[in-house]
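Geometric and topological summary
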Amino acid sequence: SIVFYLQYSQDKENIKISGYYVEIISLLQSDEKRALEELSKLKRYNHEGYNILSDIIVAKINLKNGNKDRSIEVINSLIEKKIKNPLFNKLITYYKAQILLELNVKEDLEKIISELLSFGGNWALLGHEIRGHYHFKNGDYNLAFKDFTKITNEQIVSSSLKIRAKEMLESIIIFNKSAN
């Protein structure tokens, strides 16, 4: 009976933390600064999953607001923790790739994209998307076209990723025409 009580207490605590997290996420739309403060407070609960997700959100917000150094610092600190959950590691790798794309650091970006490609499935396709954006950003439209075409030709691709890839292919065609 004590085991059931402990499990009940743990479940109740997880529900409380989940509710708090959802409230914080909804705050991101209206009051980003307060959401960041609440994400910091959330760490008191010492829930590994929510701490990781909170750090990823902090990194994304910093990137969005132009604080690229802080963004990469947060992601690198997650990588240094050597998290055992493979899904979280893939997510962290993906966001690091986004930050490196923004920083336009070719060598580091190539390494992290190789990692995404090695995951296979949709993770690999996200790697192609990021690499395609890198090539597009740097004016190599032929290589960008190959990456985005790879995405649109895949059977397993999510509809949102396929739509984004098709939009980029259209942009590449427009940019190629205007360049010639």
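Data block above holds the structure.
Reference entry: report on the structure contained in this document. (Residues numbered from 1 in each chain as written. Predicted model: local features only at pLDDT ≥ 70, side-chain atom pairs only at ≥ 80, totals over all residues. Heavy atoms only, no water.)

**With respect to the nonpolar core**
Keep this limit in mind: What we call a nonpolar core is a set of buried Ala, Val, Leu, Ile, Met, Phe, Trp, Tyr and Cys residues that are connected through their side-chain atoms within 4.5 Å. When a residue's accessible area, from a 1.4 Å probe over protein chains only, is under 20% of the maximum for its type it is buried; when over 50% it is exposed; and in between it is partly exposed. Put simply, DSSP H or I for four residues or longer makes a helix, DSSP E for two residues or longer makes a strand, and each gets a number counted from the N terminus. Contacts were defined at the residue level, with two residues in contact if any of their heavy atoms lie within 4.5 Å.
Core analysis: the biggest nonpolar cluster contains 38 residues, and L109, I130 and F148 have the highest contact counts within it. Broken down by secondary-structure element, the contributors of at least two residues to this core are α3 (48–64), α4 (68–80), α5 (86–103), α6 (106–119), α7 (121–137), α8 (141–153) and α9 (159–179). Sorting elements by how many residues they give to this core places α5 first, with 8 residues. If we skip the residues at most four places from it in the chain, I130 touches Y94, A97, Q98, L101, L109, I113 and L116.

**Looking at unusual backbone geometry**
Even without being glycine, N104 reaches a positive phi, approximately 60°. Residue position: N104 is located in the loop between α5 and α6.

**Focus on the pattern of salt bridges**
In plain terms, the rule: The working definition used for a salt bridge is a side-chain nitrogen of Lys or Arg within 4 Å of a carboxyl oxygen of Asp or Glu.
Within the structure shown, the criterion is met by 6 salt bridges. Taking the shortest distance from any N to any O, the salt bridge between E129 and R164 comes out at 2.6 Å. With E129 in helix α7 and R164 in helix α9, the pair connects residues that are 35 residues apart, well separated along the chain. Judged by its relative accessible area of 6%, E129 is buried.

**Details of the packing of aromatic side chains**
Threshold: For this analysis, a ring pair means two rings from Phe, Tyr or Trp (six-membered ring only for Trp) whose centres lie within 6.5 Å, classed as stacked if their planes differ by under 30 degrees, edge-to-face if by over 60, and tilted for the remaining angles. Look at NZ for Lys and CZ for Arg. If either is within 6 Å of the ring centre and within 35 degrees of the ring normal, a charge sits over the ring.
All chains considered together, the criterion is met by 5 aromatic pairs. Summarising the aromatic geometry, the rings of Y94 and Y95 are spaced 5.2 Å apart at their centres and angled 65° between planes, so their arrangement reads as edge-to-face. Considered together, Y94 and Y95 belong to a single accessibility category, that of buried residues. Through successive ring pairs, a cluster of aromatic residues spans Y94, Y95 and W123. Directly above the ring of F119 sits K90, whose terminal nitrogen or CZ lies 5.5 Å from the centroid.

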